[in-house]
Amino acid sequence: MCGIIGYVGGSSAEPILVEGLRRLEYRGYDSAGLAICNGGVLTCTKVAGKIARLEEEIDGRELPGQCGIAHTRWATHGPPTQDNAHPHTDCSGKIALVHNGIIENYAYLKDTLEKEGHVFTSETDSEVLVHLIEKYFKGNLESAVQQALQWVTGTYGIGVVAVDDPGKIVGARNGSPLVVGIGNGEYFLASDVPAILRHTRQVIYLDDQELVVLTKDGLRTSTIADNEAVTKIVQEISWDVDRAEKEGYAHFMLKEIYEQARTVSDAISGRTVQDDGTARLGGLNLTDEQLRSTKRVIITACGTSFHAGLIGEYMLEEWARIPVEVEYASEFRYRNPVIEDGTLCIVISQSGETADTLAAMREARRRGARALGICNVVGSMIAREADGGVYIHAGPEIGVASTKAFTSQVVVLSLITLLMGRMRHMSVADGQRTIAALRALPGQIQTILEQADEIKRIAKIYCEHDNFLYLGRGCNYPVALEGALKLKEISYIHAEGYPAAEMKHGPIALITKHMPVVVIATKDSAYEKVMGNLSEVKARRGRILAIATEGDSEIKNHAEHVFYIPPTLQALTPVLSVIPLQLLAYYIAVMRECNVDQPRNLAKSVTVE
Ligand code: F6R
């Protein structure tokens, strides 16, 4: 949430900052701005609206200078107006700051600073930081930032520049991600790697309570608390810049849907052991004995990752016979959860920085559970704080609606299940069958993607409707939830996901020919029951779109439209059945002229509670 980019070096800062902002726009797109230092002058330009508006605003004007910071905002405190856009400046207009996070004690700080004569021009919590820095500034920016942050409670990733300490960016982090890019005589500060990947692959991830000073000649990292130098490891980003580009697709979401044959393959690659019918997962940091003695698993996550967790529950109980509970992270952290000995907490997060998920993981660990993170973003908070984990290796997910992360999360959960199942009740033969099914998935996904035009045709038929019901049973119930979530978040259509049999306990009252029912009706143990549920819908003149297994001709007697997917093991069906639903949501949103990659009110990485 909120994107930050900073640049100091020998080139003109403005184009680098604007280009970096475009790559961070998925983090928020309410308002945008930049501040550039040039000699003794600080130029600050900001607008309400997207980066394109900022570019229009700058167009034709010269913004010279080789040191600057920029920001794209997702509003928390104060509406998305120009005044509330970042960067914020101090009373003298000589210090500028960009901030991602939430300052919890901002009301107290603002009150105190106002009494001391500081004049505020925005409703944001962030603005207190720049006035606090102004208060301590005596010509050395890092010293002022360090002193100011001693008073701050909350989360922040910040970038600060000052004309009276020129050629310098100071960054600091507590709870909101910041990465430093190391170039040749130039340095970058950013919320996320895609913003700087065009310029460098050498990065340093700042940790909480760390501060960095960047000039064109070098960098220094230290602790915020006592300014002690910290030595950081320079890491090399392995994925190339294309993976953060649209590569000719109309939207990131479509590109990411299409990547799934590869990303699922990457999630499996090198992690199965054919002869033993089991999985090999390097980063778990759990001994075989600890895995074997796990008595209970708690899975916690939010949104789409939560839906993947529900499928994990199904798999772990079915194959490994371990009792599992899945909880929304936002609920888990505020309950008084019972964590017994032998509890393993699996935390799922694409971004690895979702505030509720991080807090839930900390709570579980505080109570004695070991935490395993399933994350996509390498070096993210959850990945680093967990006791162990598995990266899904899906590459950057830029589309705000999560797609490829979901399928890879399910695959990684199946690998964890395979590993734990083989230590318990699962036979070698069953393990080998599972591996074969996993290895077949990428090819099967490709087959589905090759029929995307069929989903597009169906989307045209249904795109005018304003309410949808999604039904599924067993491991396809979470897919119904996920299909409904995709539709509502990008096309603003009301959609509900329900366990198919639960429909008759209430939602059936909604069924008319105006409320399409999307059902996942694959050939599995629940098939006959789902057919019964469909008859109930049909009897009420409901229109049905079914996702069915290839070769099933009976389904045509029940459903008006059918989309076929290849057969696989029941527990792996979600990896295939979700793809037509992702495509359906995508095409309907495009047909309704919605902004697919930047749906209203949303942002990737929800770093607020
Ligand atoms: C939906 C979506 C969100 C995220 C949720 C958790 O398409 O993207 O529901 O799944 O905000 O995010 P992560 O997985 O980053 O913790």
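Above this text you will find the structure in question.
Conventions adopted
- Residues numbered from 1 in each chain as written.
- Predicted model: local features only at pLDDT ≥ 70, side-chain atom pairs only at ≥ 80, totals over all residues.
- Heavy atoms only, no water.
- Buried < 20%, exposed > 50% of the residue type's maximum accessible area, 1.4 Å probe, protein only.
- Helix = DSSP H or I, 4+ residues; strand = E, 2+ residues; numbered from the N terminus.
- Contact = heavy atoms within 4.5 Å.
- Near = heavy atom within 4 Å.
- Polar contact = N/O pair within 3.5 Å; in protein donor to acceptor, adjacent residues only side chain to side chain.
- Areas by Shrake-Rupley, 256 points an atom, 1.4 Å probe, with all protein chains shown as cover.
- Nonpolar A, V, L, I, M, F, W, Y, C, P; charged D, E, K, R; others polar.
- Domains from an automatic or database assignment.
- Axes fitted to C-alpha atoms, helices over the stretch in contact; angles between N-to-C directions.
- Parallel < 35°, antiparallel > 145°, perpendicular 65-115°, else oblique.
- Left-handed = near helix turned anticlockwise from the far one by under 90°.
- Salt bridge = Lys/Arg side-chain N within 4 Å of Asp/Glu carboxyl O.

Asks: Got a minute to help me understand helix 5 (residues 141-149) in this structure?
Replies: A turn of α-helix holds 3.6 residues, and therefore any two residues three or four places apart point the same way. For helix 5, the full list of buried residues reads L141, A144, V145, Q146, A148 and L149. Where helix 5 is buried, its residues meet strand 6 (95-100), helix 4 (127-136), strand 7 (156-162), strand 8 (169-174), strand 12 (210-215) and strand 13 (218-223).

Asks: Would you mind going over the site of the ligand with me for this structure?
Replies: Close to the ligand lie 15 residues; S305, S349, S351, T354 and E489 are nearest. Contact between the ligand and S305: an oxygen atom at 2.6 Å from a side-chain N or O atom of the residue. Between an oxygen atom of the ligand and a side-chain N or O atom of S349, the distance comes to 2.6 Å. Considering the ligand on its own, with 400 Å² of exposed area, one finds that the protein chains cover 88% of that surface. Counting residues per element, the ones that place at least two in the shell around the ligand are helix 9 (303-320) and helix 16 (477-491). Residues of the shell around the ligand, tallied by class, amount to 5 nonpolar, 8 polar and 2 charged. Split by domain, the residues of the shell around the ligand number at least three in each of domain 2 (243-444) and domain 3 (451-603).

Asks: Help me out: how do you make sense of the packing of helix 16 against helix 18 (residues 573-591) in this one?
Replies: Between two packed helices, what matters for the description is the angle formed by their axes and the separation of those axes. Relative orientation of the contacting elements helix 16 and helix 18 amounts to 20°, with a least axis distance of 9 Å. As summarised for this structure, helix 16 and helix 18 are arranged roughly parallel, according to the angle between their axes. Where helix 16 crosses over helix 18, the two elements pack in a sense that is right-handed. For the pair formed by helix 16 and helix 18, the contact residues are V479, E482, G483, K486, L487, I490 and S491 on the first element and P574, S577, V578, L581, A585, Y586, I588 and A589 on the second. Across the contact of helix 16 with helix 18, the residue classes tally to 10 nonpolar, 3 polar and 2 charged.

Asks: Can you help me understand the pattern of salt bridges in this one?
Replies: A pair can form between side chains of opposite charge whenever their charged atoms are brought close. Tallied over the full model, the rule gives 35 salt bridges. Residues D207 and K232 are paired through a salt bridge, measuring 2.7 Å at the closest nitrogen-oxygen approach. Here the residue D207 occupies a position in the loop between strand 11 (202-205) and strand 12, and K232 occupies one in the loop between strand 13 and strand 14 (235-236), the gap between them amounting to 25 residues. Judged by relative accessible area, which is 29%, D207 ranks as partly exposed. By relative accessible area, which is 17% here, K232 ends up buried. One salt bridge in this structure joins R457 and E454, with 3.0 Å as the shortest N-O distance. With R457 and E454 both in helix 15 (residues 452-462) and 3 residues apart, this pair spans about one turn of that helix.

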